[in-house]
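# Fold and contact review
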Amino acid sequence: MTDADVRDIAAMRQQGSLGDYLRHTREQEAIANAQRKRLVYRHTDLVDQLKLIGQDPWNGRIPPAQWGGAINTSPIRAALLAIVDEAEQRSAAGTQAVA
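Okay, so let's go over this structure. (Residues numbered from 1 in each chain as written. Predicted model: local features only at pLDDT ≥ 70, side-chain atom pairs only at ≥ 80, totals over all residues. Heavy atoms only, no water.)

### Considering the overall build of the protein chain
Along the protein chain, the regular secondary structure elements total 4 helices and 2 strands. Reading the helices (α) and strands (β) of the protein chain from amino to carboxyl end gives α-α-α-β-β-α. The C-alpha radius of gyration computed for the protein chain amounts to 17 Å, which surpasses the reference 13 Å derived for 99 residues by more than 25%, pointing to a less compact arrangement than a globule. If you line up the protein chain on its principal axes, its C-alpha atoms span 55 × 25 × 25 Å. In the protein chain, which comprises 99 residues, the share counted as buried stands at 22%. Sequence-distant contacts in the protein chain: of pairs separated by 6 or more residues, those separated by 24 or more amount to 48%. (Helix = DSSP H or I, 4+ residues; strand = E, 2+ residues; numbered from the N terminus. Rg over C-alpha atoms; globule rule 2.2 N^0.38 Å. Buried < 20%, exposed > 50% of the residue type's maximum accessible area, 1.4 Å probe, protein only. Contact = heavy atoms within 4.5 Å.)

Quick look at the structure:
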């Protein structure tokens, strides 16, 4: 989700636009998740890494950086970030998918 704070949410409720905001946010997250998933699943070695951390099948979602007001230090989150970063670097460099 985006960085809307309590005041923003209260204002959207008052204006009647909170539902639209939430739908739009979910749609944007779904698009980003699908893009990450496509990027990673092009590389069998990265899919193998997903399997090693128990995340295959994976929907492309990366857990939030903060959870319950605390920094999310999950090793799964860190591993997913590293896998996605590698896929993005390969894509930027034009590296072919590993067969």
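Let's pick the thread back up.
### As for the environment of Ile53
Residue placement: Ile53 occurs in the loop between α3 (44-52) and β1 (66-67). Since its relative accessible area comes to 24%, Ile53 is described here as partly exposed. It is 21 Å that separates the C-alpha atoms of Ile53 and Ala32, two residues lying 21 residues apart in sequence. Each residue touching Ile53, except ones within four places of it in the same chain, is listed here: Ile76, Ala79, Leu80 and Ile83.

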